[in-house]
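Tertiary structure, described
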Amino acid sequence: MPQPTTCAPATAGGARVRIRMSLVMKQHFAAGVLASLTTFLMSAAQAQEASGWPQSHLDTVQVTATRFGEQAQEVPLSISVVRGEELRARGATDLRTALSTLGGVSVAMGGDRGPAGAVPGLLGVREIDDLLLLIDGVPAGGVFFPTFEAISLINVERIEVLRGTAPVYFGTTAFAGTINVVHYPAGQADANATLRYGSFGGLSAGAAWVLSNGEIQQSLSGEISNDPTADPRGGYKRALLSYRAATELAGGKARMDLNVMSLRQRPLSPTPLDDSGHLATDLPIDFNQNPADAKLDTRRVQLVGGYEKTVLLGRWGTTLSITRGNEESIRGFLNDGFREATGDNASGVVQSRHLSDVFFDTHLTDRLTPWLWVTYGLNELYGSARQSSQSFTYVAPLDGSAPAPSSAGTPTGTTTLSDSRNFFGAYVQTRLRLSEDASVLAGLRWNRTRETRTATDADNNLVSQSQRTTRFSGSLGGQLKVWNDTNGDLDDVFIHASVGTTFQPPQLDFAAQAGASPLL
């Protein structure tokens with residue numbers, strides 16, 4: 001069997017340079033040009049000699065399905081790995097192009113989270129809250145909604161996609177699948193600078209560096225982009241910065257990550273339905289029903305700390321992540337019967353939202369016997385949201401011209417919302433190797449969830465709700481090797497089957513009337 005492979009990051013030392021340019025003309029922009037320039041690829045380690053047979057991305061060690069550090073092909077679950085070097089070779093700049101080669105996976109860009117967002121489809125399901133998004137093993141917005149708009153492909157080591165129920169040790173659940181975007185650790189980096197220019201004036205630049213690789217390992221990566229759309233009133237500007245540090249401490253390894261994002265979006269609009277329930281065809285192409293000053297601006301700061309050490313009971317790991325975010329939005333939609341309306345035909349809302357997420361996990365992993373691995377631990381995922389909403393009505397011209405700013409609209413009421421969610425759980429996962437060709441993976445989690453919500457409606461009526469739920473979730477999978485390639489020029493062939501049970505809290509859509517939505 002080929003040895004496990006990982007992406008080869010840069011450390012320190014010699015250098016090599018790679019330049020790639022591409023030119024693409026787009027249909028809706030005759031002078032549109034998409035040029036991708038990748039330069040200054042620095043690598044201190046000399047390229048290793050190729051092995052005697054081709055290596056596959058299936059040989060990459062994954063960390064999403066299990067904490068045992070197994071190869072993807074050894075896991076009795078449906079997991080795929082896309083390596084960072086493959087993403088850069090294909091010029092992938094967003095999640096849709098990054099996952100385009102995976103069978104059964106499709107990604108629609110945009111959605112309720114704005115043009116910078118994405119809505120992946122796994123197992124034939126395309127609902128954003130059906131998925132668990134991890135960024136470097138930490139749930140990204142898992143309490144309320146996955147924050148796909150926060151994904152950066154700069155300095156990505158690999159992306160792991162797990163189909164089916166989420167693993168038992170991430171604090172929140174999802175039944176459609178898990179996407180884990182893994183960046184290079186501190187002291188390693190892809191060490192490149194990328195410049196991209198595209199249609200409609202799109203422009204982005206990104207880079208990653210190794211700052212130090214001695215007693216303290218440090219690396220830095222960042223990206224800034226301006227991505228307009230065919231609709232001149234749509235698009236987004238985003239800036240991302242990530243600093244990573246690690247050092248040996250008390251016989252173990254401590255790490256710290258700081259991630260900062262600033263995102264300014266001009267949202268697009270869904271296509272309205274006609275009287276027969278089909279998409280309307282009598283409105284201009286790219287019709288934007290938002291008020292003229294529509295926006296969806298986000299500022300987010302995340303601090304992650306971790307520690308790993310080998311102790312008497314096994315390999316101990318602990319992670320603490322704290323995320324704070326602020327969102328300011330102005331959006332609007334056409335009312336029912338908007339064609340017959342003689343005055344205001346659309347309703348909008350001005351919102352201010354403050355979000356906090358805390359993720360804590362501690363666990364032990366040990367190989368009890370040569371044929372039995374076990375991981376057990378507990379974690380807490382906490383989230384809180386505070387929101388104020390000012391509703392208004394306005395006129396959205398059906399000829400496609402920009403409506404008046406929302407400040408000129410007619411106020412219709414103010415609402416407030418305060419919501420907190422706690423997901424606490426204890427879990428155990430075992431890996432049992434029955435023989436050289438057969439193995440079993442089993443996981444069980446005890447969940448205790450709690451949500452508390454307080455809201456005031458437009459008439460200043462107070463509504464308070466609280467609910468607690470205790471339940472179990474888990475999964476069971478088996479795998480059998482049916483082909484062993486003794487020459488080593490092909491990967492071994494496995495068949496696997498798995499079954500899981502999980503639960504999913506409803507997504508809080510943060511509409512002006514969100515206080516009336518159901519709890520867990």
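Residues numbered from 1 in each chain as written. Predicted model: local features only at pLDDT ≥ 70, side-chain atom pairs only at ≥ 80, totals over all residues. Heavy atoms only, no water.

1. Observations concerning the overall build of the protein
The condition is simple: Labels follow the DSSP assignment, with helices taken as runs of H or I lasting at least four residues and strands as runs of E lasting at least two, numbered in each case from the N terminus. Contacts are assigned to residue pairs that have any heavy atoms within 4.5 Å of one another. We get accessible surface area from the Shrake-Rupley algorithm with a probe of 1.4 Å; when it comes to residues, only the shown protein chains can shield them.
The helix and strand tally for the protein stands at 2 helices and 21 strands. Pairs at least 24 residues apart make up 66% of the contacts formed inside the protein by residues separated by at least 6 positions. As displayed, the protein offers around 24200 Å² of accessible surface, 58% of which is attributable to carbon and sulfur atoms.

2. Side note on unusual backbone geometry
Backbone geometry places Phe-200, a non-glycine residue, at a positive phi of 65°. Its place among the elements puts Phe-200 in the loop between strand S9 (193-197) and strand S10 (203-213). Phi at Ala-250 is positive, roughly 55°, even though this residue is not glycine. On the secondary structure map, Ala-250 appears in the loop between strand S12 (235-249) and strand S13 (252-266).

3. Focus: a nonpolar patch on the surface
We count it as follows: Like-charged residues are merged into a patch within 9 Å and nonpolar side chains (Val, Leu, Ile, Met, Phe, Trp, Tyr) within 5 Å, provided each residue has over 30% relative accessible area and no salt bridge. Between Lys or Arg on one side and Asp or Glu on the other, a salt bridge is scored when a side-chain nitrogen of the former is within 4 Å of a carboxyl oxygen of the latter.
On the surface, a nonpolar cluster with roughly 780 Å² of combined accessible area is contributed by Val-311, Leu-312, Leu-313, Trp-316, Tyr-376, Val-428, Leu-444 and Phe-472. Among the secondary structure elements, Leu-444 is positioned in strand S19 (residues 438-456).

4. Considerations on the packing of aromatic side chains
Under the convention used in this document: Any two rings among Phe, Tyr and Trp, with Trp reduced to its six-membered ring, count as a pair given centres within 6.5 Å; such a pair is stacked if its planes are under 30 degrees apart, edge-to-face if over 60, and tilted if neither. With a 1.4 Å probe rolled over the protein chains alone, any residue whose accessible area is under 20% of its type maximum counts as buried; one over 50% counts as exposed, and the rest are partly exposed.
Under the definition given, this model contains 7 aromatic pairs. Taking 5.6 Å as the distance between ring centres and 65° as the angle between the ring planes, the aromatic pair formed by Phe-144 and Phe-510 counts as edge-to-face. Of this pair, Phe-144 sits in the loop between strand S6 (138-139) and strand S7 (156-163) while Phe-510 sits in the segment after strand S21 (493-501), and the two are 366 residues apart along the sequence. Phe-510 shares its class with Phe-144; the two are buried. Ring centres 5.8 Å apart and planes at 70° place the aromatic pair Tyr-307 and Trp-316 in the edge-to-face group. Note on Tyr-307: relative accessible area 16%, which makes it buried. Among the residues examined, Trp-316 registers a relative accessible area of 31% and is labelled partly exposed.

5. Quick word on the environment of Thr-229
Under the convention used in this document: For the purposes of these results, a polar contact is taken to be a pair of N or O atoms within 3.5 Å, where, inside protein, one atom must be able to donate a hydrogen and its partner to accept one; residues adjacent in sequence count only when each atom of the pair is a side-chain atom.
Relative to the elements of secondary structure, Thr-229 occurs in the loop between strand S11 (216-228) and S12. Put simply, Thr-229 and Ser-199 are 30 residues apart on the chain and 8.4 Å apart in space, counted from C-alpha to C-alpha. Here Thr-229 is in contact with Phe-200, Gly-234, Gly-235 and Leu-268, once residues within four sequence places are set aside. Here the side chain of Thr-229 touches Asp-231 through a polar contact of 2.9 Å, landing on its backbone oxygen.

6. Some remarks on the pairing of strand S15 (residues 314-334)
Note the cut-off: Here a strand pair is declared whenever DSSP counts at least two bridges between the two strands.
The sheet contact formed by strand S14 (residues 295-311) and S15 spans 17 bridges and is antiparallel. Within the sheet, the bridge partner assigned to Thr-298 lies in S15 and is Glu-327. For S15 and strand S16 (residues 346-369), the ladder comprises 20 bridges, and the chain directions are antiparallel. If you follow Glu-327 over to S16, its bridge partner there is Arg-353.

7. Side note on the nonpolar core
A general feature of soluble globular proteins is that nonpolar side chains tend to end up buried together. Worth spelling out the cut-off: For the purposes of this section, nonpolar cores are sets of buried Ala, Val, Leu, Ile, Met, Phe, Trp, Tyr and Cys residues that join through side-chain atoms within 4.5 Å.
In this structure, Leu-99, Phe-148, Ile-151, Ile-159, Val-161 and Ile-179 are the most contacted members of the largest nonpolar core, which totals 25 residues. Listed by contribution, the elements that provide at least two residues to this core are helix H2 (95-98), strand S3 (105-109), strand S4 (118-122), strand S5 (131-135), S7 and strand S8 (177-183). Among all residues touching Phe-148, those that are not within four sequence positions of it are Leu-95, Ala-116, Ala-118, Pro-120, Ile-128, Leu-131, Leu-133 and Ile-179. In terms of nonpolar packing, the next biggest core, distinct from the first, is built from 14 residues, Val-143, Phe-145, Phe-359 and Phe-510 among them.

8. Points about the sheet that holds S6
Strand order in the open sheet formed by 5 strands is S2-S7-S8-S5-S6, with mixed pairing between adjacent strands. Strands at the two margins of the open sheet, each flanked by one partner only, are strand S2 (79-83) and S6. Pairing geometry for S2 and S7, over 5 bridges, is antiparallel. Bridge assignment links Val-81 to a residue of S7, and that residue is Glu-160.

9. Description of the environment of Asp-336
Here Asp-336 is to be found in the loop between S15 and S16. Here the alpha-carbon distance between Asp-336 and Asp-274, two residues 62 residues apart in the chain, equals 10.0 Å.

10. Section: the pattern of salt bridges
Opposite charge on two side chains lets them pair, provided their charged atoms get close. Across all of its chains, the model carries 18 salt bridges by this definition. Across the pair Glu-85 and Arg-83 runs a salt bridge, and its minimum N-O distance is 3.3 Å. A residue is classified by how much of its surface remains accessible, and Arg-83, at 17% relative accessible area, is buried. Here Asp-227 ties to Arg-196 by a salt bridge, and the two come within 3.5 Å at their closest N and O atoms. Of this pair, Asp-227 sits in strand S11 while Arg-196 sits in strand S9, placing them 31 residues apart in sequence. Each member of the pair, Asp-227 together with Arg-196, is buried. By sharing partners, the salt bridges in this structure join Arg-113, Glu-149, Arg-300, Glu-327 and Arg-353 into a single network.

11. Thoughts on the pairing of strand S20 (residues 462-483)
By the bridge criterion, 19 bridges tie S19 to S20 in an arrangement that is antiparallel. When the sheet's bridge partners are listed, Thr-449 is paired in S20 with Thr-469. What sits between S19 and S20 in their antiparallel hairpin is a turn of 5 residues, with Asn-460 showing a positive phi close to 65°. In terms of strand pairing, S20 meets S21 through 9 bridges, oriented antiparallel. When the sheet's bridge partners are listed, Gly-478 is paired in S21 with Ala-497.

12. Here we look at the side chain of Asp-297
Defined as follows: All tallies of charge rest on Lys and Arg as positive and Asp and Glu as negative; His and the ends of each chain are not included.
Relative to the elements of secondary structure, Asp-297 occurs in strand S14. Buried charge without a partner: Asp-297 forms no salt bridge, and the closest opposite charge is Arg-264, 4.3 Å away. Reaching out from Asp-297, the side chain makes a polar contact with the backbone nitrogen of Gln-265 at a distance of 3.4 Å. Ignoring any residue separated from it by four or fewer positions in sequence, one finds Asp-297 in contact with Leu-263, Arg-264, Gln-265, Asn-326, Glu-327 and Glu-328.

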